[in-house]
Amino acid sequence: MESQPGPRVLSGIMPTGSLHLGNYLGAIVHWVDLQHRYPSFFCVVDLHAITTPQKPTELHEKTREVAGLLLAAGIDPSVATIFVQSHVPAHAELAWMLDCIASMGRLERMTQFKEKAGREREAASVGLFAYPVLQSADILLYSGRPPRPVLVPVGADQRQHLELARDLAARFNHRFGVVFGEPEPVISEAGARIMGLQNPTKKMSKSGKNPYDTIRLLDSPDDVRRKIARAVTGPGREVRFDETQPGLYNLLTIYQLLSGESRSDIESHFQGKGYADLKRELAELIIARLRPLQERYQEIRRDRAALEGVLAEGCQRARVEADVVLQAAKSAMGLG
Ligand code: ATP
Ligand code: LTN
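These figures come from a predicted structure and were not determined experimentally.

Conventions adopted
- Residues numbered from 1 in each chain as written.
- Chains lettered and ligands numbered in written order.
- Predicted model: local features only at pLDDT ≥ 70, side-chain atom pairs only at ≥ 80, totals over all residues.
- Heavy atoms only, no water.
- Helix = DSSP H or I, 4+ residues; strand = E, 2+ residues; numbered from the N terminus.
- Rg over C-alpha atoms; globule rule 2.2 N^0.38 Å.
- Buried < 20%, exposed > 50% of the residue type's maximum accessible area, 1.4 Å probe, protein only.
- Contact = heavy atoms within 4.5 Å.
- Areas by Shrake-Rupley, 256 points an atom, 1.4 Å probe, with all protein chains shown as cover.
- Near = heavy atom within 4 Å.
- Polar contact = N/O pair within 3.5 Å; in protein donor to acceptor, adjacent residues only side chain to side chain.
- 1 Å grid on protein atoms, 1.4 Å probe; cavity = no way out; pocket = protein on both sides within 12 Å on 5 of 7 lines; lining within 4 Å.
- Sits in = over half its atoms within 2 Å of the grid points.
- Points joined across faces, edges and corners; volume = space filled by probe spheres on them.
- Nonpolar A, V, L, I, M, F, W, Y, C, P; charged D, E, K, R; others polar.
- Core = buried A, V, L, I, M, F, W, Y, C linked by side-chain atoms within 4.5 Å.
- Salt bridge = Lys/Arg side-chain N within 4 Å of Asp/Glu carboxyl O.

## Concerning the overall build of the chain
Reasoning step 1: For the chain, the count of helices and strands is 13 helices and five strands.
Reasoning step 2: Taken against the 2.2 N^0.38 rule, which gives 20 Å for 336 residues, the C-alpha radius of gyration of the chain at 21 Å falls within 12% of a compact globule.
Reasoning step 3: Taken along its principal axes, the extent of the C-alpha atoms in the chain is 70 × 45 × 40 Å.
Reasoning step 4: Burial statistics for the chain: of 336 residues in total, 48% are counted as buried.
Reasoning step 5: Across the chain, the fraction of contacts at a sequence separation of at least 24, relative to all contacts at a separation of at least 6, is 77%.
Reasoning step 6: Here the chain displays about 15,700 Å² of accessible surface, and carbon together with sulfur accounts for 51% of that area.

Structure follows, in structure tokens:
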């Protein structure tokens, strides 16, 4: 089947916790932008979520919450395909085939595995170890026929996984003939790594333990004010983009991304003012951006059937795309 020419876009997000400003500024705003330029596929990666223990009813609910938030943030199902990973069996099937050409040594060097497995390496699931291979399958299934590059908009933490996806595609194509297009990371300069508010040397994360570290997309205005007021800034008084002060730098980066103003305009705006002023204005900026998103989200969640309809249609469209590439990969491997 011949498909539309030019690159495709694919990205994924785990339904493991509450989406936060890091997910939004590092990934989702780029998805919203790219969907109008390329055929785009956005996937709620529930099979990735189960690499660590999840309560079944919560996982089901979180999957809908994440899908609803993506729609509320501006993913348009009449333009892009939004779907749930486990609804498209090709992902797990190709992941197995790629597992058989990925090396243990390479996966052992993946930093996300090392961080998530921590000291419990022996107890960590095989799924957590093989997680980046499933991610490679997610991406490569959408390279189309004939193969096209796949743009993958992600935060900076995913760079290493994207390199693996590129290498697995090249290895497969070399051994079995060209089936997959090349994955290309799309990682913005600012926003690719939003840091925790309490611990600005670590990225803001869904699975973090300290609620004051993270601004969730569903936080109330009072929560936002409280969390920003408590954010760590460091010593000094001047409001400047100073990389030696990671807390302040992070707050200013968030301000820059939400206001769309240049760094020098922001520094002039805060000249003669202090950290308290920055925090007050930043909190209001965040609240103003989140308010319409939260209102749309509440509307979307009121109509359960409509959301299920969007996901069912996304599943149909994704299956058609993914199955064509899966069949080509199977027949190249001698599995047809
Ligand atoms: P977890 O804590 O469960 O690992 P996470 O917060 O890292 O979750 P993911 O679902 O793994 O979120 O990531 C979804 C997307 O958001 C990815 O593209 C990831 O790179 C991006 N992302 C996550 N955290 C940040 C951050 N702090 N800054 C910028 N981008 C981020
Ligand atoms: N591993 C990613 C989530 C993810 C993903 C993908 C991102 C799963 N599949 C495909 C881009 C493309 C993470 O941990 N943030």
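After that view of the structure, there is still more to cover.
## Side note on unusual backbone geometry
Reasoning step 1: With an omega dihedral of -10°, the bond running from R145 to P146 counts as a cis peptide bond.
Reasoning step 2: Tracing the sequence through the fold places P146 in the loop between α7 (126-140) and β4 (150-153).

## Some remarks on the site of ligand 1
Reasoning step 1: Taken together, 22 residues are adjacent to ligand 1, and K116, D157, K203, K206 and S207 come closest.
Reasoning step 2: At a separation of 3.1 Å, an oxygen atom of ligand 1 approaches a polar side-chain atom of N23.
Reasoning step 3: Take K203: an N or O atom from its side chain is 2.4 Å from an oxygen atom of ligand 1.
Reasoning step 4: Starting from 610 Å² of accessible surface for ligand 1 in isolation, the protein chains cover 96%.
Reasoning step 5: A molecule is said to occupy a pocket when more than half its atoms come within 2 Å of that pocket's grid points, and by this definition ligand 1 occupies the largest pocket.

## Observations concerning the layout of surface pockets
Reasoning step 1: Approximately 1,500 Å³ is the volume attributed to the largest pocket.
Reasoning step 2: Taken together, 50 residues line the largest pocket, and the ones lying closest to its centre are K116, D157, K203, S205 and S207.
Reasoning step 3: If you add up the space inside the second largest pocket, you get close to 340 Å³.
Reasoning step 4: Around the second largest pocket sit 18 residues that line it, and E189, G191, R193, Y249 and T253 are the ones nearest its centre.
Reasoning step 5: Per element, the largest residue contribution to the lining of the second largest pocket is four residues, and it comes from helix α10 (residues 246-259).
Reasoning step 6: Counted by class, the lining of the second largest pocket contains nine nonpolar, four polar and five charged residues.

## A short note on the nonpolar core
Side chains of nonpolar character tend, in soluble globular proteins, to be buried together.
Reasoning step 1: With 54 residues, the main nonpolar core has L21, L70, I228 and I286 as its most contacted residues.
Reasoning step 2: Sort the elements by how many residues they give to this core and helix α12 (residues 275-302) lands first, with nine residues.
Reasoning step 3: Not counting chain neighbours up to four residues away, the residues in contact with I286 comprise L21, I215, V224, I228, I254 and L258.
Reasoning step 4: By size, the runner-up hydrophobic cluster in this structure holds 45 residues, among which are F41, C43, I101 and V133.

## Some thoughts on the pattern of salt bridges
Reasoning step 1: As enumerated under the stated definition, the model contains 18 salt bridges in all.
Reasoning step 2: Across the pair E182 and R166 runs a salt bridge, and its minimum N-O distance is 2.6 Å. In this pair, E182 sits in the loop between α8 (159-176) and β5 (183-186) while R166 sits in helix α8, placing the two residues 16 residues apart along the sequence.
Reasoning step 3: In this structure, R280 engages D277 in a salt bridge whose closest nitrogen and oxygen atoms are separated by 2.9 Å. With R280 and D277 both in helix α12, this residue pair falls three residues apart, about one helical turn.
Reasoning step 4: Using a relative accessible area of 25% as the deciding quantity, one classes D277 as partly exposed.
Reasoning step 5: Here the salt bridges do not stand alone but share partners, grouping E61, R301 and R304 into one network.

## Quick notes on the environment of L71
Reasoning step 1: You can see L71 is positioned in helix α3 (residues 56-73).
Reasoning step 2: Exposure remark for L71: the relative accessible area of 13% places this residue in the buried category.
Reasoning step 3: Taking C-alpha positions, L71 is 9.5 Å from V32, a pair spaced 39 residues apart along the chain.
Reasoning step 4: Not counting residues within four places of it along the chain, the set of residues in contact with L71 comprises P77, I82, I300, L307 and V310.

Honestly, that's just the spatial picture; any functional story needs more than this.
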